[in-house]
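Commentary on secondary and tertiary structure
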Amino acid sequence: MRELLKTRVAEMLREGRVDGVVGLIESHGEPLPYLFTADDTAALERISTGELQGRLAELIPGVVRYPLGKILTAVARKHPDKRFGVMCRACDERVVFGLFQNLQLDPDKVEILGLPCKEELARACSCPAPAPRSAIVDQPSREAWDRADLERIDAMALDERFAFWVEELGRCIKCYGCRNACPVCFCDVCTLQDDGLVKKGEIPAELPAFQLTRAWHMVGRCVDCGLCQEACPMDIPIRTIYRKVRSIVGELFDYFPGERDGGKSPLEQLGDGSFPIQ
Amino acid sequence: MSAEETARFEPRIVAFCCNWCSYAGADLAGGMRLKYRPNLVPIRVMCSARVAPQFIIRAFQEGADGVLVAGCHIGDCHYVKGNFITAKRVAILRRLIEFMGIPRERLRLEWIAASEGDKYARVADAFTEEIRALGPSPIKDIRFGERSRSCASC
């Protein structure tokens, strides 16, 4: 897959279809985000699909993931007139489509190079759809979403749920890791740092205001990539909250961010009568 | 909670009322000399869609036992489409707080027109009694003890 990716990236750059490709490069055995350009052919030799190397690969099934969609947004903001390619796992692809829907990226200026994930990896990530639509290699997309986490909480009584979340969220050290890793968090000014809405200067983070505020902002945005969960140093099951948000929005509005082309978040459609008012 | 405690508990409810309909409705309730529960603390906002979900979350965090969002009837919005978005927001937020263990009944959406002083009084009574039955908000009871500390940088 690496060779094919390399050929495709080289081709895109040579033909001038794109001005740069956001992807991963191998540096000292570790994949790192990199912007490949036409004049930088040497770098292309070290392009990586994110797979772990050597002994590490034997020990953990997995790839090194970075919020490439977020990096692409930052690059595209600096160069709004340029066209970019982006290397995408299925989760990254949902991110990029989610960013199209939220008008953060221009679909005409982005070309996706999709890399399907192996079944083992999809299971490890509990991925809802492990094969990207713009994949460079064909592979069936078998859902590996494990709903056990959601079902467990849904089955709890309300006071039990509250106690559960107080225990879990009470560990929060307010590192903002979930927000920083989140590829669909694109605001310039963050509500989580607004002293009037979420108090500063205390840990654990204000409960439940901090997480509820973040969860609210995931409405119509969260694509369930799971990077927040990977980033959390306190192992708080935050992904479960955002999965719930995603399922609430799906259930009420039949809208799944990043899964369909076009369409806007239900909260952006004012007064279209798309929602039955009680 | 014992029956005695339930009787003693006075819910504190934040009511976001839109300037054009619901606040005028609340005003009318007063003008009509209607008798209703005093547990609602009305906050006048220009439109129910001005009530960002953060405001509701903030109210709960500050210890509100219930939050009422009141706006114009659908089709009557002074800003034409504001209350559509309010309806969507509240529907999502009600489910979300329930997932966190806060009963969705604690958040209520009502359409109250400027001429509906009696409806405002009715809603105030009904919502107060509903919250009284639910008891105090669990958010007020969160204690972290020694785990909690101040942090200058976050």
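Keep in mind the model is a prediction, meaning the values are calculated, not measured.

**Notes on the nonpolar core**
A:V9, A:F36, A:V86, B:I56, B:V67, B:I92 and B:L107 are the most contacted members of the largest nonpolar core, which totals 104 residues. When residues of this core are assigned to domains, at least three map to each of domain 1 (2–125) and domain 2 (148–268) of chain A. Those residues in contact with A:V86 that sit more than four places away from it in its chain are A:V21, A:V22, A:L68, A:L72, A:V96, A:V110, A:E111, A:I112 and A:L113. B:A26, B:A70, B:A124 and B:I131 belong to the second-largest nonpolar core, a separate cluster that totals 14 residues.

**Brief notes about the state of the cysteines**
For the structure on display, the rule yields one disulfide over all chains. Note on cysteine connectivity: B:C21 is disulfide-linked to B:C72, with sulfurs 2.4 Å apart. One quick way to see it: the torsion about the S-S bond of B:C21 and B:C72 is about 100°, and its sign makes the bridge right-handed. One end of the pair, B:C21, is in the loop between β1 (13–18) and α2 (22–31); the other, B:C72, is in the loop between β3 (66–71) and α4 (82–99), and 51 residues separate them in sequence. Of the residues examined, B:C21 reaches a relative accessible area of 8% and is grouped as buried. Distance from the sulfur of A:C185, which forms no disulfide, to the nearest cysteine sulfur (A:C182) is 3.9 Å. Unpaired in this structure, B:C17 has its nearest cysteine sulfur neighbour in B:C18, at a distance of 7.9 Å. The class for B:C17 is buried, based on a relative accessible area of 0%.

**As for the packing of helix α10 (residues 209–217) of chain A against α4(B)**
It is at 11 Å that the axes of α10(A) and α4(B) come closest, and there the two elements cross at 135°. Classified by the angle their axes make, α10(A) and α4(B) are oblique. Of the two elements, α10(A) crosses α4(B), and the hand of that crossing is right-handed. Contact residues: α10(A) offers A:L212, A:A215 and A:W216, while α4(B) offers B:R89, B:I92, B:L93, B:L96 and B:I97.

**Structural notes on the side chain of B:S22**
In this fold, B:S22 is placed in helix α2. A distance of 3.1 Å separates a polar side-chain atom of B:S22 from the backbone nitrogen of B:G71.

**Digging into the interface of chain A and chain B**
Taken together, the contact between chain A and chain B spans 55 residues of the former and 38 residues of the latter. Each partner contributes to the roughly 4100 Å² buried at the junction of chain A and chain B, and carbon and sulfur atoms together form 73% of this total. Counting across the chain A and chain B interface gives two salt bridges. Put simply, B:E62 and A:K199 hold a salt bridge, and the shortest N to O gap is 3.4 Å. Of all the secondary structure elements, the ones that give two or more residues to the side of chain A that touches chain B are α7 (148–154), α8 (158–169), β6 (202–203), α10 and α12 (238–253) of chain A. Among the elements that take part in the side of chain A that touches chain B, α12(A) stands out by supplying nine residues, more than any other. For the side of chain A that touches chain B, a count of residues per class yields 30 nonpolar, 13 polar and 12 charged. Pairing of β6(A) with strand β5 (residues 149–150) of chain B, which is carried by two bridges, proceeds in the antiparallel orientation. Looking at the pairing, A:E202 lines up with B:S150 of β5(B).

**A word on the confidence of the model for chain A**
Counting all residues, the mean pLDDT for chain A is 88, and 95% of those residues have values of 70 or more. By mean pLDDT, the top-scoring element of chain A is strand β4 (residues 84–88) of chain A (95), and the lowest-scoring one is helix α3 (residues 54–59) of chain A (74).

**Digging into the confidence of the model for chain B**
Averaged over every residue, the pLDDT of chain B is 91; residues scoring 70 or more account for 92%. Reported confidences for the modelled complex are a pTM of 0.90 and an ipTM of 0.88.

**Some remarks on the sheet that holds β1(B)**
Residues and elements named next belong to chain B. An order of β2-β1-β3-β4 is seen for the four strands of this open sheet, with the pairing classed as parallel. Strand pairing shows two members of the sheet lacking a second neighbour, β2 (40–45) and β4 (107–111), which therefore form its edges. Neighbour to neighbour, the strand axes of the sheet diverge by 20° on average, direction disregarded. Inspection of the sheet shows β3 paired to β4 by five bridges, in the parallel sense. Counted as the bridge partner of G71 is W111 from β4. On top of the sheet, α4 reaches β3 and β4; it is set at about 160° to β4, its chief contact. Along the sheet, helix α5 (residues 117–134) contacts β1, β2, β3 and β4; its crossing angle with β4, the most-contacted strand, is approximately 165°.

Criteria and cut-off values
- Along each chain, residues carry numbers from 1 onward, in the same order as the chain's sequence is written.
- Working convention: letters from A go to chains and numbers from 1 go to ligands, in the order in which they are written.
- In keeping with the model being predicted, local features are shown solely for residues with a pLDDT of at least 70 and side-chain atom pairs are shown and tallied solely at 80 or more, while totals for entire chains, interfaces and linings include all residues.
- The side-chain quantities take in all heavy atoms of the structure and omit both hydrogens and water.
- Only buried residues count toward a nonpolar core, which is a set of Ala, Val, Leu, Ile, Met, Phe, Trp, Tyr and Cys residues joined through side-chain atoms within 4.5 Å.
- Summary of the burial criterion: residues with accessible area below 20% of their type's maximum are buried, those above 50% are exposed, and those between are partly exposed, where the area comes from a 1.4 Å probe applied to protein chains only.
- The split of the chain into domains comes from an automatic or database domain assignment.
- Whether two residues touch is decided by their heavy atoms; if any such pair falls within 4.5 Å, the residues are in contact.
- Counting rule for disulfides: a pair of cysteine sulfur atoms within 2.5 Å.
- What counts as a helix is a DSSP run of H or I of at least four residues, what counts as a strand is a run of E of at least two, and both are numbered from the N terminus.
- Helix axes use the C-alpha atoms of the stretch in contact, all axes being lines fitted to C-alpha atoms, and the angles between their N-to-C directions lie in the range 0 to 180 degrees.
- For this classification, under 35 degrees means roughly parallel, over 145 means roughly antiparallel, 65 to 115 means roughly perpendicular, and everything else is oblique.
- When the near helix sits turned anticlockwise from the far one by under a right angle, the crossing is termed left-handed; a clockwise turn instead gives a right-handed crossing.
- Here a polar contact is taken to be a pair of N or O atoms separated by no more than 3.5 Å, where protein atoms must pair a possible hydrogen donor with a possible acceptor and residues adjacent in sequence count only if both atoms sit in side chains.
- Computed with a 1.4 Å rolling probe, the buried area is the accessible surface lost when two parts are put together, summed over both parts.
- One speaks of a salt bridge when a side-chain nitrogen belonging to Lys or Arg is within 4 Å of a carboxyl oxygen belonging to Asp or Glu.
- When residues are sorted by character, Ala, Val, Leu, Ile, Met, Phe, Trp, Tyr, Cys and Pro go into the nonpolar class, Asp, Glu, Lys and Arg into the charged class, and all the rest, Gly among them, into the polar class.
- A pair of strands is considered paired only if DSSP assigns at least 2 bridges between the two.
- Every residue carries a pLDDT, the predictor's confidence in it, which falls somewhere between 0 and 100.

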